[in-house]
Structure formats: structure tokens, C-alpha cells
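Chain by chain, the residues:
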Amino acid sequence: MSSHSELKTSQDVHLRAKQIKSLIRSLKQKIKKIEREGEVAPDNCHIIRYQVNGKGTIYWYYKLQAAESIFPMATNNEKKTKYKYLGRAGSSAHIDAVEKLTRRNLIDELERVIQSLTESYLDIYIGTETE
């Protein structure tokens, strides 16, 4: 009887592993689809809203901020800065940055899920060794 249950457990393990691998492939395809939709913002970037006071009026502007200096400076293309000016809300640069950042965030989340599933895949086989 034990050989029948071992066979069933082995088949179950392989089925679960196959399902995880299939899901990982599907998520990787989603990442490629997102990348084909347009440019993706660099890693570790976000959009900052800041205000400027002028002649009794407050103006709001936006900039893309990176963790490291990666954007060419407006005054000197050879130097890099952490910021990229986007202008006012709804400007083409602002909307473009939002779209790029949205794609980056979607890809980052899918990559986190893939990493988790990869660990789960390994757990299936590591768990069967101790049983």
C-alpha cells in the first residue's frame, strides 16, 4: 500500500510543480507584454509633487526622482542628477512619466510574485526530501 501512496504523492508533487512553472511562464509573458506597450521607468523612481510660490499664487509642479543620479542635467548633459523635471499636472512629460512608472510598478510586482513562486517551487521538492 505504501508504494501506491508514494506514487500518488510523487504525482501530486509533479502536478503542483508543473502548475507553478506554468504560472511563472504566464507571468513572464505578461512582463514582456507590458514592456512592448512602451518605455519603462528606471528602477527606484517615483514622482514628486512640489510647490513654488510666486507673486501671491502657489504653483504645483512634478518631477521624477530616482534613488541615484541617472538623468542628464538640463544645463549639462554630461552630468547626472536624481531629478527629471516634468512640469505641471497633465503636461505631456508628466503623463508620459506616469505611464512609464505604472509599467515599472506592474513589472516590479509581477517579478516579486515570480520570485515567491520560484521559492514555492523549490519548497515542493525540498519538502518531499524530508518526508
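Keep in mind that what you see is a predicted model, and the values were worked out from it rather than measured.

## Brief notes about the overall build of the protein chain
Helices and strands together make up the secondary structure of the protein chain, namely two helices and five strands. Ordered by position from N to C terminus, the α and β elements of the protein chain give α-β-β-β-β-β-α. A compact globule built from 131 residues should have a C-alpha radius of gyration of about 14 Å, whereas the protein chain, at 24 Å, is more than 25% larger. Taking the principal axes of its C-alpha atoms as reference, the protein chain extends roughly 85 × 25 × 25 Å. At a minimum sequence separation of 6, the contacts of the protein chain that also span at least 24 residues come to 50%. When the accessible surface of the protein chain is totalled, it reaches about 9700 Å², and 52% of it is carbon and sulfur. If the 22 positive side-chain charges of the protein chain are averaged to one point and the 17 negative ones to another, these points end up 9 Å apart.

## What to know about the packing of aromatic side chains
Within this structure, the stated rule accounts for three aromatic pairs. Measuring from ring centre to ring centre gives 6.1 Å for Tyr50 and Tyr61, while their planes differ by 35 degrees; the resulting arrangement is tilted. Residue Tyr50 is located in strand β1 (residues 45-54), and its partner Tyr61 is located in strand β2 (residues 57-66); the two are separated by 11 residues in the primary sequence. Measuring from ring centre to ring centre gives 6.5 Å for Tyr59 and Tyr61, while their planes differ by 35 degrees; the resulting arrangement is tilted. These aromatic residues form a ring-pair network of at least three members: Tyr50, Tyr59, Tyr61 and Tyr85.

## Here's the deal with the environment of Ile124
Tracing the backbone shows Ile124 in helix α2 (residues 92-129). Sequence separation of Ile124 and Ala17 is 107 residues, and the distance between their C-alpha atoms is 7.0 Å. Non-local contacts of Ile124, meaning those with residues more than four positions away in its chain, are made with Val13, Arg16, Ala17 and Ile20.

## A word on the side chain of Lys100
Mapped onto the secondary structure, Lys100 falls in helix α2. Judged by relative accessible area, which is 13%, Lys100 ranks as buried. Other than its neighbours up to four places away in sequence, Lys100 contacts Glu39, Val40 and Ala41.

## Thoughts on the pattern of salt bridges
The full count for this structure, using the stated rule, is six salt bridges. Close ionic contact of Asp12 with Arg16 constitutes a salt bridge, the shortest N to O distance being 3.2 Å. On the criterion of helical spacing, the pair formed by Asp12 and Arg16 is a turn pair, its members being four residues apart in helix α1 (residues 2-37). The class for Asp12 is partly exposed, based on a relative accessible area of 38%. The class of Arg16 is partly exposed, set by a relative accessible area of 35%. The partner of Asp96 in a salt bridge is Lys100, and the shortest N-O contact between them spans 3.0 Å. Placement of the pair is Asp96 and Lys100 together in helix α2, with a separation of four residues, close to one helical turn.

## A word on the sheet that holds β2
Pairing in this open sheet of three strands is antiparallel, and the strands run β1-β2-β5 from one edge to the other. Of all the strands in the sheet, the pair left with one neighbour each is β1 and β5 (83-87). The average angle at which neighbouring strand axes cross in this sheet is 30 degrees, direction not considered. Pairing analysis gives 10 bridges linking β1 to β2, with the strands arranged antiparallel. Each bridged residue has a counterpart across the sheet, and for Ile47 the counterpart in β2 is Leu64.

## What about the pairing of β2?
A loop of two residues connects β1 with β2, the two strands running antiparallel in sequence, and Lys55 in this loop sits at a positive phi of about 30 degrees. As judged from the four bridges shared by β2 and β5, these two strands associate in the antiparallel manner. When the bridges of β5 are listed, Leu64 appears paired with Lys84.

Reading the values: rules and limits
- Residues numbered from 1 in each chain as written.
- Predicted model: local features only at pLDDT ≥ 70, side-chain atom pairs only at ≥ 80, totals over all residues.
- Heavy atoms only, no water.
- Helix = DSSP H or I, 4+ residues; strand = E, 2+ residues; numbered from the N terminus.
- Rg over C-alpha atoms; globule rule 2.2 N^0.38 Å.
- Contact = heavy atoms within 4.5 Å.
- Areas by Shrake-Rupley, 256 points an atom, 1.4 Å probe, with all protein chains shown as cover.
- Lys, Arg positive; Asp, Glu negative; His and termini not counted.
- Charge placed at Lys NZ, Arg CZ, Asp CG, Glu CD.
- Phe/Tyr/Trp six-rings, centres within 6.5 Å; stacked < 30°, edge-to-face > 60°.
- Buried < 20%, exposed > 50% of the residue type's maximum accessible area, 1.4 Å probe, protein only.
- Salt bridge = Lys/Arg side-chain N within 4 Å of Asp/Glu carboxyl O.
- Pairing = 2+ DSSP bridges.
- Axes fitted to C-alpha atoms, helices over the stretch in contact; angles between N-to-C directions.

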